[in-house]
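# Commentary on secondary and tertiary structure
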Amino acid sequence: MNKLKPKLFRINTGSCNGCDVEFLATALVDKFQFHKLEVEIAEEISQANLLVITGPLTARSEPFLKSYINKLSEPYVVVGIGTCSITSGIFRDSYAINGPTDKVIDVDINISGCPPRPQSIAEGIAKGVAILNQKVQNVNISKQMDTILQGFEAPKSFRGKINLHANLCTACRTCETVCPSGAINITKIGDKYEHKVWHNTCCFCGNCVFFCPTGAIYNTNDFDTAKHQDEKYSDTNISYIKTDNCSSCNKRYKKPTTGLLKKAYINDDINKLNNNLCPECRKKENFTRMYL
Ligand code: SF4
Ligand code: SF4
Ligand code: SF4
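Just so it is clear, the model here is predicted, and its values are computed rather than measured.

The next point concerns the domain arrangement of the chain. Along its sequence, the chain is carved into domain 1 (7-149), domain 2 (162-222 + 230-241) and domain 3 (246-291). On the domain 2 side, the residues contacting the 12 residues of domain 1 number 11 residues. When domain 1 packs against domain 2, the two sides together hide about 870 Å² of surface, and 49% of this comes from carbon and sulfur. The three residues of domain 1 that bury the most area against domain 2 are T87, R92 and S112, which together make up 38% of that side's buried surface. Remark: the boundary between domain 1 and domain 2 carries 1 salt bridge. When the shortest N-O distance is used, the salt bridge between D102 and K232 registers 2.8 Å.

Put into structure tokens, the structure is as follows:
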């Protein structure tokens, strides 16, 4: 049995065009090796078996998307490009949005990013082609995917997946507050704080990195964001932040880092501060030290 020829059709369900431009660059620039996938661009939706979607799903686009799905040639695969398609991204609370896309149709591959890096788009399409072939005759093209990713490295300055130095984090929640995508969640669990970053909705804006007072959160240059739909919610970075007992009132608290103390007590010798006190007890001690 011959391999099925992948025929790609792209639709924009409300994109800012950022993802469309990246997709075009992926398809046209030789170094991204898109040609190795032997994907044909379909002129009509009825010829296509590989649907690529960009943008958040708007209320206006929803009926069009549904009618397009019905016209696809069976079997077919759906690939969502960009955070908007996966979670509705920064547009998620808008009255005009009916997404995310998988609320309305079945999606096979998600490629997060705002927009994703071309290598990630190429990898996501490769995974889509693999699923398509598996649907037809159980052909495994994982070797082809290795070739696509081989030799790619993002520059050091690239803002990729978020990571955390848990020992520097004070669970202050600044990152959670400034994140436009709702990607960060900090929860108190017993004596610890759980700091969770959901990569599939992160738009790599770097806001959390910029505003973090201790330098705990940072961008890696990991651009590998093409994931199967069943990994949509599991692609996370989870860290645990320890708390200590206050030496005065015994309440659990998160010790501030030396860097943070230096920022808060610019005119004081921080070596003289009692770092084993919770904020309330330290406030009392400072008041006594300064005014009594
Ligand atoms: S994910 Fe970002 S670049 Fe892509 S459509 Fe949405 S806002 Fe635009
Ligand atoms: S990562 Fe930085 S901003 Fe976020 S909770 Fe930790 S210390 Fe605060
Ligand atoms: S880079 Fe940070 S602030 Fe920006 S979306 Fe990702 S987690 Fe949120």
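Now that the structure has been shown, the text picks up again.
Glancing now at the sheet that holds strand 7 (residues 184-189). One open sheet holds the 3 strands; their spatial order is 7-8-11, and the pairing between them is antiparallel. Whereas interior strands pair on both sides, the edge strands pair on one side only; in this sheet they are strand 7 and strand 11 (236-241). Sheet twist, expressed as the average angle between the axes of neighbouring strands with direction ignored, equals 20°. In this sheet, strand 8 (residues 192-198) lies alongside strand 7 in antiparallel orientation, the contact comprising 6 bridges. In the sheet register, N185 faces strand 8, and the bridge partner there is K196.

Each neighbour pair has its own omega, and for G99 with P100 the value is 5°, a cis peptide bond. Here P100 is to be found in the loop between helix 3 (83-87) and strand 5 (109-111). Geometrically, the link from C114 to P115 is a cis peptide bond, its omega value of -5° lying close to zero. With respect to the helices, strands and loops of the structure, P115 is situated in the loop between strand 5 and helix 4 (118-137). A positive phi angle is found at E38, which is not glycine, with a value near 55°. Along the chain, the position of E38 falls in the loop between helix 1 (18-28) and strand 2 (40-41). A positive phi is found at N250, a non-glycine position, where the angle reads about 70°.

Glancing now at the site of ligand 3. As a structural note, the neighbourhood of ligand 3 is formed by 13 residues, with C179, C202, C205, G206 and C208 the closest of them. Of the residues assigned to the shell around ligand 3, the class counts are 10 nonpolar, 3 polar and no charged.

Read from one edge to the other, the open sheet built from 6 strands follows the order 2-1-3-4-5-10, with strand pairing classed as mixed. Looking at the sheet topology across the chains shown, the edges are occupied by strand 2 and strand 10 (226-228). As judged from the 3 bridges shared by strand 5 and strand 10, these two strands associate in the antiparallel manner. The residue bridging I109 from the neighbouring strand is H228, located in strand 10. The strands touched by helix 1 are strand 1 (7-12), strand 3 (50-54) and strand 4 (77-81); relative to strand 1, the strand with the most contacts, the crossing angle is about 155°. Relative to the sheet, helix 4 contacts strand 1, strand 3, strand 4, strand 5 and strand 10, its axis offset from that of strand 5 by approximately 180°.

Take the site of ligand 1 next. In the vicinity of ligand 1, the contacting residues are S15, C16, G18, C19, G82, T83, C84, F91, G113, C114 and P115. The set of elements that each furnish at least two residues to the shell around ligand 1 consists of helix 1 and helix 3. Across the shell around ligand 1, the residue classes tally to 6 nonpolar, 5 polar and no charged.

A word on the packing of helix 1 against helix 4. Between helix 1 and helix 4, the least distance of the axes is 9 Å, while the angle of their chain directions is 75°. Classified by the angle their axes make, helix 1 and helix 4 are roughly perpendicular. Where helix 1 approaches helix 4, its residues E22, F23 and T26 are matched on the opposing element by P118, I121, A122 and I125. Looking at side-chain class alone, the contact of helix 1 with helix 4 contains 5 nonpolar, 1 polar and 1 charged residues.

We now examine the pairing of strand 4. Within strand 4, 5 of the 5 residues are buried, which leaves it mostly tucked inside the rest of the structure. Burial of the side chains of strand 4 extends over both faces: V77, V79 and I81 are buried on one face and V78 and G80 on the other. Two elements, strand 3 and strand 4, share 5 bridges in a ladder whose sense is parallel. Bridge pairing in strand 4 places L50 opposite V77. Handedness of the crossover joining strand 3 and strand 4 through helix 2 (residues 62-71) is recorded here as right-handed. As paired elements, strand 4 and strand 5 share 3 bridges and run parallel to each other. Considered in strand 5, the bridge of G80 is made with N110.

About the criteria used
- Residues numbered from 1 in each chain as written.
- Chains lettered and ligands numbered in written order.
- Predicted model: local features only at pLDDT ≥ 70, side-chain atom pairs only at ≥ 80, totals over all residues.
- Heavy atoms only, no water.
- Domains from an automatic or database assignment.
- Contact = heavy atoms within 4.5 Å.
- Buried area = accessible area lost by both parts, 1.4 Å probe.
- Salt bridge = Lys/Arg side-chain N within 4 Å of Asp/Glu carboxyl O.
- Pairing = 2+ DSSP bridges.
- Helix = DSSP H or I, 4+ residues; strand = E, 2+ residues; numbered from the N terminus.
- Axes fitted to C-alpha atoms, helices over the stretch in contact; angles between N-to-C directions.
- Near = heavy atom within 4 Å.
- Nonpolar A, V, L, I, M, F, W, Y, C, P; charged D, E, K, R; others polar.
- Parallel < 35°, antiparallel > 145°, perpendicular 65-115°, else oblique.
- Buried < 20%, exposed > 50% of the residue type's maximum accessible area, 1.4 Å probe, protein only.
- Right-handed = clockwise from strand over helix to strand, strands pointing away.

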